[in-house]
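# A closer look at the structure
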Amino acid sequence: MFLDEHGNAVKLGRFFGSKPVIFVLAYYECPNLCTLVLNGVLDTAQDLKLTSGKDYEIVVVSFDARERPALAAAKKQTYVQRYGRPDGADGWHFLTGDELAIAQVANSVGYRFSYDETTRQFAHPSAMVVLTPAGKISRYFPGIEYPPREVRLALIEASRGRIGSTADRVFLLCFHYNPATGKYGLLINRVLQIAGIGSALAVALYIALNLRREIHGIAPQRMTKPE
């Protein structure tokens, strides 16, 4: 259970079920890294042809249990305005929660953080996670910049082709995600399979056309009466 921007109690599962989710752990009063992470998410979302709320959800959870819904509401207002798509505003969700809920969700995605009493700041990694509609981890995007093309493909793959264009789905047949590079690369075996199927279909079509021509060419001669 968490609190949304209006202070209403919500289950995290409410944001899953039908769409893939871009998930971020960040605290709202972070003076450095968290803002860069959220800016990176915003930049990517602006470049995507997919629209939040319609094609996917963006869920941000503060890992500082001291933060309250008022901070979440202010943060949401800032990023929704900068996102610039009125029809996508409902796809952004900024949550706060208690230590137990935060620890459970952080552990579920392998996110580690600790509070530094000296600097009065949290030490934490920077990353964005793409989750399937069922809440399973699909892709990690470390750092503060997230290539729109890679994120788009990750969302389409996480949705199992329910979003995106036909061209995107065909593209994913020939490309696969390489965790070593963090990018989608050409899957040569799949390409050869598709090429082989295409060649077989072309040969079958050629044979069929030739058979049809022979049948139509011979039939009239058989029907001609001898003089």
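Residues numbered from 1 in each chain as written. Predicted model: local features only at pLDDT ≥ 70, side-chain atom pairs only at ≥ 80, totals over all residues. Heavy atoms only, no water.

### With respect to unusual backbone geometry
Inclusion rule: Secondary structure is summarised from DSSP: a helix means a run of H or I of at least four residues, a strand means a run of E of at least two, and numbering begins at the N terminus for each. Using a 1.4 Å probe on the protein chains alone, a residue whose accessible area is under 20% of its type maximum counts as buried, one over 50% counts as exposed, and one in between counts as partly exposed.
Even without a glycine there, the phi angle at Arg120 is positive, about 55°. Relative to the helices and strands, Arg120 is located in the loop between β6 (114-116) and β7 (121-123). Overall, Arg120 belongs to the exposed group, its relative accessible area being 68%.

### Some points on the confidence of the model for the protein
Rules: Confidence scores labelled pLDDT are given residue by residue by the predictor and lie between 0 and 100. Contacts were defined at the residue level, with two residues in contact if any of their heavy atoms lie within 4.5 Å.
Summarising the model, the protein shows a mean pLDDT of 84, and 74% of its residues fall at 70 or more. Overall, residues 187-192 carries pLDDT values under 50, and its contacts beyond four positions in sequence, including any with other chains, amount to seven contacts.

### Side note on the pattern of salt bridges
How we decide: Just to be clear on terms, a salt bridge is a Lys or Arg side-chain nitrogen sitting within 4 Å of an Asp or Glu carboxyl oxygen.
Tallied over the full model, the rule gives five salt bridges. In this structure, Glu5 and Lys76 form a salt bridge, with 3.7 Å as the shortest nitrogen-oxygen distance. Here Glu5 is found in the loop between β1 (2-3) and β2 (9-10), whereas its partner Lys76 is found in helix α2 (residues 69-83), with 71 residues between them in sequence. Side by side, Glu5 and Lys76 carry an identical accessibility label, which is buried. Measuring nitrogen to oxygen at the nearest pair gives 3.7 Å for the salt bridge that ties Glu57 to Lys19. Pair noted here: Glu57 is in strand β4 (residues 57-61) and Lys19 is in the loop between β2 and β3 (21-25), with a separation of 38 residues, a long-range link. Of the two residues, Glu57 and Lys19, both sit in the buried class.

### Looking at helix α4 (residues 148-158)
Extensive coverage of α4 is indicated by the burial of eight of its eleven residues. If you check which residues of α4 are buried, you get Glu150, Val151, Arg152, Leu153, Ala154, Leu155, Ile156 and Ala158. In the stretch just after α4, Arg160 is the one whose phi turns positive, near 60°.

### Observations regarding the environment of Pro20
With respect to the helices, strands and loops of the structure, Pro20 is situated in the loop between β2 and β3. Among the residues examined, Pro20 registers a relative accessible area of 0% and is labelled buried. Sequence separation between Pro20 and Ala134 is 114 residues, and the spatial gap between their C-alpha atoms is 8.1 Å.

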